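Spelled out, the chains give:
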Amino acid sequence: MFWNYLPLVLYVLGMVAITIYTKNRSKSVNDFLLAGKKGLNGWMSAFAYGTTYFSAVIFIGYAGKFGAAYQLAAVWIGIGNAIIGSLFAWMVLAKRTKNMTTRLQAKTMPEFFEKRYGSKNLRLCSAIIIFIFLIPYSASVYNGLSNLFEIVFNIPGWIIMIALAAITALYLFFGGYFATALSDFIQGIIMLIGVILMFIFFMDYRTVNWDLSELNWFTFNSEKTGFYGDTVSLIALILLTSFGVWALPQTIHKYYAIRDRKAIMQGTVVSTLFALIIGFGAYFVGGLSPLFAGEVPEIGTDNTIPYMLNLVIPAGVMGIIAVLILSASMSTLSSVSLASASVVSVDIYKGKINPDASDKKVNVLMKILCLVFVAISVVLAVLNAKFNIAAIAYMMGLSWGTLAGCFIGPYVLGVIWKKVTKPAVWTSIIGTLVITVVLTIVLGYDKCGWSCSFGGAIQAGIGLSPTIGVICMAFSMISTVVVSLLTKQPNKVIIEDAFNKPIENEV
């Protein structure tokens, strides 16, 4: 048991060391959010992107639940994440985002919307939406990690949540984005090593216990067909997790702080390889879960992977695997906390409440809000674990889908196409919120029966969050184009500033 805890102790000490090393690197808002004027190189940016992309939810909630449903066909989610969510996303968005946010001097997504579309109200509205929907996203990560430690190490989940929150808050508070990126680089290396070890031990277990040919890579042994069938659900998951990341504030933030053209090229390649290894490895292990029926309890739930790990991974190595999932979680949590705190302090406080606030005051407020956001997320995660409000995977899916649906059209088309208008952005945001609520209720009742209770319908509807999220993203892209073509074109001065204004060291 000692050897299981040793990697955890070393990991915590490493995070404390990073805190001490970076404690003087966040003296201004620019330092705290963008790691200073020079920005980050390609390797650090790519690892920051990848470790934010993949958290404990993919290893525990997504891989366990969907691996049981789709068998090895679940690996196509990971492959889609690598090709669409990393390679194509970097190719399309990295250079454009870096140049446009530099021209507009935008540090956050809401600030980008204000300056790109000339609307302070749009900035305020998007900031509120981001803060609200990142809370359940963050809570799902805490909850997923607590499940692992509770099952494998017999440590109460609430203790793990509080400890994780304290460590994350510590290095984020003192070091800001530079500390986050540096820790992400180290955590990314740990994740790669951990996934490779996990793959090796599961393959070794396979040679003794079962034949891999028993599982399906392309077809499903399920009676569920039609709109709620496995094929539709799998395609929805691939689209949601691969395209949704194109418009999440915590992932596109990595493009803001990248250094130059060379760093973008490095980041494109490295982030794609990272996503391919992590995504494929996680979903491959999850896809093996049907073969553990009878050996592992709760197949097809959020607890599937922890039970499988407990059975397959030997003592001593389990500590490394735990650090793998811990690393994935902390990197995501720090990025989500930073994104949430920044929209409140920069976009709501300075943008609306106190425009004359000094840089120092905003920076201090942002640090405090990081702690507040972490605390709120932990409380929600504890309540979720106690009352089983919703499954981990679906909590994340609901947050991911709603945020992506609100912003994918206005953001992605906004950095590519000059004709996107302010009414189109409002249509995307308001329409997505309405569609999310309506479909959650209607599809929930349709799935569980129209005699079902309202609470039961909501829970069933949340279970369809990947499909709802994809519908919202499609609506956002289509409505942004249609409304932009039908409404008054943007102010020429704004367009000139966004697309053509000369900037130093353009990438």
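Thresholds, definitions, all that
- Residues numbered from 1 in each chain as written.
- Predicted model: local features only at pLDDT ≥ 70, side-chain atom pairs only at ≥ 80, totals over all residues.
- Heavy atoms only, no water.
- Helix = DSSP H or I, 4+ residues; strand = E, 2+ residues; numbered from the N terminus.
- Buried < 20%, exposed > 50% of the residue type's maximum accessible area, 1.4 Å probe, protein only.
- Salt bridge = Lys/Arg side-chain N within 4 Å of Asp/Glu carboxyl O.
- Bend = angle between axes of the 7 residues up to and from the residue.
- Core = buried A, V, L, I, M, F, W, Y, C linked by side-chain atoms within 4.5 Å.
- Contact = heavy atoms within 4.5 Å.
- Phe/Tyr/Trp six-rings, centres within 6.5 Å; stacked < 30°, edge-to-face > 60°.
- Expected span 1.5 Å × (residues − 1).
- Polar contact = N/O pair within 3.5 Å; in protein donor to acceptor, adjacent residues only side chain to side chain.

(A) Unusual backbone geometry, seen in detail. A positive phi is found at Gln71, a non-glycine position, where the angle reads about 60 degrees. Following the sequence through the fold, Gln71 ends up in the loop between α4 (56–70) and α5 (75–104). Despite not being glycine, Gln105 shows a phi value in the positive range, around 55 degrees. Within the secondary structure layout, Gln105 lies in the loop between α5 and α6 (109–117).

(B) Structural context of the environment of Ala474. Tracing the chain through its elements places Ala474 in helix α18 (residues 465–486). For Ala474, a relative accessible area of 36% puts it in the partly exposed group. A sequence separation of 42 residues divides Ala474 from Thr432, and the C-alpha atoms of the two residues are 9.8 Å apart.

(C) Local environment of the pattern of salt bridges. Per the stated rule, a full pass over the model turns up 4 salt bridges. Ionic pairing is found between Arg123 and Asp347, a salt bridge with its closest N-O pair at 2.8 Å. Of this pair, Arg123 sits in helix α7 (residues 120–152) while Asp347 is found in helix α13 (residues 317–353), placing the two residues 224 residues apart along the sequence. As far as the burial class goes, Arg123 and Asp347 line up, both buried. Shared partners join several salt bridges into a network, and the residues in it are Glu114, Lys120, Arg123 and Asp347.

(D) Just α5, in detail. At Trp90, α5 shows its maximal kink, close to 50 degrees. Most of α5 is tucked away, with 21 of its 30 residues classed as buried. Once α5 ends, the next one or two residues include Gln105, with phi positive near 55 degrees.

(E) Structural detail: the nonpolar core. Ranked by size, the top nonpolar core spans 150 residues in total, and within it Phe59, Phe112, Phe202, Tyr255, Leu309, Phe407 and Tyr411 carry the most contacts. Among the elements that line this core, the one with the most residues is α13, at 20 residues. When sequence neighbours within four positions are dropped, the list of residues in contact with Phe59 reads Met191, Val195, Met198, Ile278, Ala282, Ile305, Leu324, Ile325 and Ala328. In terms of nonpolar packing, the next biggest core, distinct from the first, is built from 6 residues, Ile435, Leu443, Leu464 and Ile468 among them.

(F) Quick look at the packing of aromatic side chains. Within the structure shown, the criterion is met by 20 aromatic pairs. Where Phe113 meets Tyr117, the ring centres are 6.2 Å apart and the plane angle is 35 degrees; that geometry is what we call tilted. In this pair, Phe113 and Tyr117 both sit in helix α6, 4 residues apart, roughly one turn of the helix. On the basis of relative accessibility, which here comes to 0%, the residue Phe113 falls in the buried class. Where Phe131 meets Phe373, the ring centres are 5.9 Å apart and the plane angle is 65 degrees; that geometry is what we call edge-to-face. Here the residue Phe131 occupies a position in helix α7, and Phe373 occupies one in helix α14 (residues 359–387), the gap between them amounting to 242 residues. Of the residues examined, Phe131 reaches a relative accessible area of 21% and is grouped as partly exposed. Take Phe373: its relative accessible area is 0%, and that puts it in the buried class. Aromatic rings pair up to connect Tyr49, Tyr53, Phe54, Trp90, Tyr255 and Trp400 into one cluster.

(G) Here's a closer look at helix α3 (residues 42–53). The terminal C-alpha atoms of α3 lie 16 Å apart, and with 12 residues this matches the ideal 16 Å at 1.5 Å per residue to within 8%. Buried residues dominate α3, accounting for 11 of its 12 residues. Listed in full, the buried residues belonging to α3 are Gly42, Met44, Ser45, Ala46, Phe47, Ala48, Tyr49, Gly50, Thr51, Thr52 and Tyr53. Here α3 starts with a cap whose side-chain oxygen sits 3.2 Å from the backbone nitrogen of Trp43, and that cap is Asn41.

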